[in-house]
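Listed below are the residues making up each chain.
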Amino acid sequence: MPIPPNVLASDPADLELSPDAMRAMGEAVVHRAVAHLASLPEQPSRGDVDAAALCRTMREPAPEEGAPLDGLLDRLFDEWIPRSFTTTSPGYLAYIPGGGVYPAALADFIADTTNRYTGIWQAAPALVQLEANALEWLRDWMGFPATARGLFTTGGSMAMFNAIAAARERHLGPEIRRGTIYVSTQGHHCIAKAARLAGIAHDRVRSIPVDAAYRMQVDALAASIAADRAAGLEPFLVVSSAGTTNTGAVDPLDAIADLAAHEGMWHHVDGAYGAFFHAVPDLRPLLAGLPRADSLTLDPHKGMFLPYGTGALLVRDGEALRALHSSTAGYLPPNQDEFHDPAQYGPELSRGFPGLRVWLSLKLYGAARYRAAIAEKRALALWAADAVARIPGIVMDAAPQLSLFAFHMEGPGLGTLEAQNRATRDLMEQVTRRGKVMVTGAQVGERFLGRVCVLSFRTRRAEMETAVAHLREAAAAILAGARA
Ligand SMILES: *Cc1c(COP(=O)(O)O)cnc(C)c1O
């Protein structure tokens, strides 16, 4: 259906659209979006992001008059969306992928058009119950007890912020200056940001060394805690990683849980990348100890393949989360205890409806398909890591613990660390430039590591074969250049 020419009413104060206009506009958007998704395999894995000049030309004052939707969609889909990392691409193996399942977009559309108020239970009880169900499904997958409560956030970073604030509130109360936090050198940078937001300054965040597999050294952790206690400080929180972003390392969660329990400290596990592997019973041993955490970051926009905008936090003793956030106001209904109430467990009052995209995606696919897809991503990573380890010139630094592996280049003519770092950077760039897969590296200490992370639901065996072939060809070219 074409979009009617005059979708806007002649009365300038009337913003309502006719049913026909709404249908036509919706169909136009769905048509463009689905065509875009259908063309993903042909799109370059990284669009042309050399767009500073374009961005300068895009600056404009707020338009006085409205413009037709068609023209706006043309510019979005033809000019602006392609000039980005193609994070939806089946070949997206950079950073931590996810993909963005289509049902979540439908849920967002429903949530936005019906626009119900899910901040407090009384305003939309059945809808809030759907969100509560979705949180309980995550809780069960993670092996957390019935006392646990959760919160959907906009991402893993905001989950971390709420976790640190909850731990601080429980352990330090008003005495926050003496409190100290422990995280490995490989911990995500959002931990330091979240600590600062939660009132814990930089000089109270300790960086613990890692072993050869990039996992936190528990002895060093214990020593650091003891030193701080001796100095009169108050160690209250260990943040460990269930899959680091750099190399995919899983810290010794069980040993850290033991130490935290012995020390009377809160143990938060950052599972933004890796937690959803715990949804697959066969893979649980890889994350042994995870269910013992006091709190856990999950990122459904990674491991549940949702579009960006959904993280989650689980807190073992739900009362600790509630103690941080619960409050009342004369203009609100009184708090109730029987049902989940997002505003009592999170910092927001008015909010979107993040639970619906989680709920609808899971109801539509079912948990079995999710488990199959997650398990397949790990199997693909194991297969690819094995093949990449055999490529001449490539040395494996981190075999996949979950679905991420890291490596660097060595060889004749690449005798110095500097030359190896340059060659590894070049390897990532050459592979990405070929347009079929996108890979990124990470500076880890002195070394620049290449890495491959398999976590988009769209990534299947064919893309991994391409990735291995392109790594092999690019490595050969770089070695030939280094020898010459
Ligand atoms: C992605 C990630 C984060 C941050 O989560 P966002 O959703 O990007 O805010 C934190 N920790 C790890 C290990 C991650 O992979």
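Residues numbered from 1 in each chain as written. Predicted model: local features only at pLDDT ≥ 70, side-chain atom pairs only at ≥ 80, totals over all residues. Heavy atoms only, no water.

Participant: If you had to explain the nonpolar core to someone new, which residues and values would you point to?
Facilitator: With 41 residues, the main nonpolar core has Met142, Leu296 and Met304 as its most contacted residues. Going through the elements one at a time, helix H5 (125–141), strand E6 (295–298), strand E7 (311–315), helix H13 (354–365) and helix H14 (367–389) are the ones with two or more residues in this core. Per element, the largest residue contribution to this core is 4 residues, and it comes from H5. When residues of this core are assigned to domains, at least three fall in each of domain 2 (107–366) and domain 3 (369–483). Ignoring anything within four residues of it in the chain, the contact list for leucine 296 reads Met142, Phe144, His268, Val269, Gly271, Ala275, Leu290, Ala312, Leu313 and Leu314. Membership of the second largest hydrophobic core comes to 31 residues, among which are Leu93, Phe405, Met428 and Val468. (Core = buried A, V, L, I, M, F, W, Y, C linked by side-chain atoms within 4.5 Å. Buried < 20%, exposed > 50% of the residue type's maximum accessible area, 1.4 Å probe, protein only. Helix = DSSP H or I, 4+ residues; strand = E, 2+ residues; numbered from the N terminus. Domains from an automatic or database assignment. Contact = heavy atoms within 4.5 Å.)

Participant: Could you give me a rundown of the side chain of asparagine 421, with the residues and numbers involved?
Facilitator: Positionally, asparagine 421 belongs in helix H15 (residues 417–433). According to the relative accessible area criterion, asparagine 421 is buried, its value standing at 11%. A polar atom in the side chain of asparagine 421 sits 3.0 Å from the backbone oxygen of glutamate 446. Leave out the neighbours within four places in its chain, and asparagine 421 touches Gln443, Glu446, Arg447 and Phe448. (Polar contact = N/O pair within 3.5 Å; in protein donor to acceptor, adjacent residues only side chain to side chain.)

Participant: Before we move on, could you go through the pairing of E6 and cite the residues and values that matter?
Facilitator: Going residue by residue along E6, you find Ser295 and Thr297 tucked away on one face and Leu296 and Leu298 tucked away on the opposite face as well. Where strand E5 (residues 266–271) lies against E6, 4 bridges are found, and the strand directions are parallel. In the strand pairing of E6, histidine 268 is matched with serine 295. (Pairing = 2+ DSSP bridges.)

Participant: Describe in detail the state of the cysteines, supporting the description with residues and values.
Facilitator: In the structure shown here, the tally under the stated rule is 0 disulfides. In this structure cysteine 190 is a free cysteine whose sulfur lies 16 Å from that of cysteine 453, the closest cysteine sulfur available. (Disulfide = S-S within 2.5 Å.)

Participant: A description of the side chain of histidine 325 should follow, citing residues and the corresponding values.
Facilitator: Following the sequence through the fold, histidine 325 ends up in helix H11 (residues 318–325). For histidine 325, a relative accessible area of 13% puts it in the buried group. Sequence-distant contacts of histidine 325, defined by excluding residues within four places in its chain, comprise Asn162, Ala343, Gln344, Tyr345, Gly346 and Pro347.

Participant: Hey, could you go over the packing of aromatic side chains for me, with residue numbers and the actual values?
Facilitator: Under the defined criterion, the tally for this structure stands at 8 aromatic pairs. For the pair phenylalanine 85 and tyrosine 95, a centre-to-centre distance of 6.1 Å together with 15° between the ring planes defines the contact as stacked. Of the two residues, phenylalanine 85 is situated in the loop between helix H3 (69–80) and helix H4 (102–114) and tyrosine 95 in the loop between H3 and H4; the sequence distance between them amounts to 10 residues. Measuring from centroid to centroid gives 6.1 Å for tyrosine 273 and phenylalanine 277, while their planes differ by 70°, and the two rings are edge-to-face. Judged by relative accessible area, tyrosine 273 falls into the buried class, the value being 2%. Phenylalanine 277 sits in the buried class, given a relative accessible area of 1%. Joined through ring pairs, the aromatic side chains of Phe305, Tyr365, Tyr370 and Phe457 make up one cluster. For the cation-ring pair, arginine 425 lies above phenylalanine 448, with the distance from its terminal atom to the ring centre recorded as 4.0 Å. The ring of tryptophan 383 carries the charged tip of arginine 461 above its face, separated from the ring centre by 4.0 Å. (Phe/Tyr/Trp six-rings, centres within 6.5 Å; stacked < 30°, edge-to-face > 60°. Lys NZ or Arg CZ within 6 Å of the ring centre and 35° of its normal.)

Participant: Give a detailed account of H11, specifying residues and quantitative values.
Facilitator: Residues Gly318, Ala320, Leu321, Arg322 and His325 constitute the buried set of H11. The elements touched by buried residues of H11 are strand E1 (149–153), helix H6 (156–171), E5, E7 and helix H12 (342–345).

Participant: Give me the lowdown on empty space enclosed by the protein, citing residues and values where you can.
Facilitator: Overall, the coordinates contain 2 cavities of 30 Å³ or more when judged by the stated rule. Its boundaries defined by the atoms lining it, the largest cavity holds a volume of some 40 Å³. If you go around the largest cavity, the residues you meet are Leu151, Phe152, Pro342, Gly346, Pro347, Glu348 and Arg351. Classifying every residue of the lining of the largest cavity gives 4 nonpolar, 1 polar and 2 charged. Computed from the structure, the second largest cavity encloses a volume of approximately 30 Å³. In this structure, the second largest cavity is lined by Glu131, Leu135, Gly150, Leu151, Phe152, His340, Pro342, Tyr345 and Arg351. Ranked by residue count, the leading element in the lining of the second largest cavity is E1, at 3 residues. (1 Å grid on protein atoms, 1.4 Å probe; cavity = no way out; pocket = protein on both sides within 12 Å on 5 of 7 lines; lining within 4 Å. Points joined across faces, edges and corners; volume = space filled by probe spheres on them. Nonpolar A, V, L, I, M, F, W, Y, C, P; charged D, E, K, R; others polar.)

Participant: Can you tell me about the pattern of salt bridges, naming the residues and giving the values?
Facilitator: Per the counting criterion, the structure on display carries 28 salt bridges. In this structure, the salt-bridge partner of arginine 23 is aspartate 20, at a minimum N-O distance of 3.3 Å. Remark: aspartate 20 and arginine 23 occur in helix H1 (residues 19–38); sequence separation between them is 3 residues, near one turn of the helix. Overlapping salt bridges, with partners in common, bring together Arg32, Asp74 and Asp78 in one network. (Salt bridge = Lys/Arg side-chain N within 4 Å of Asp/Glu carboxyl O.)

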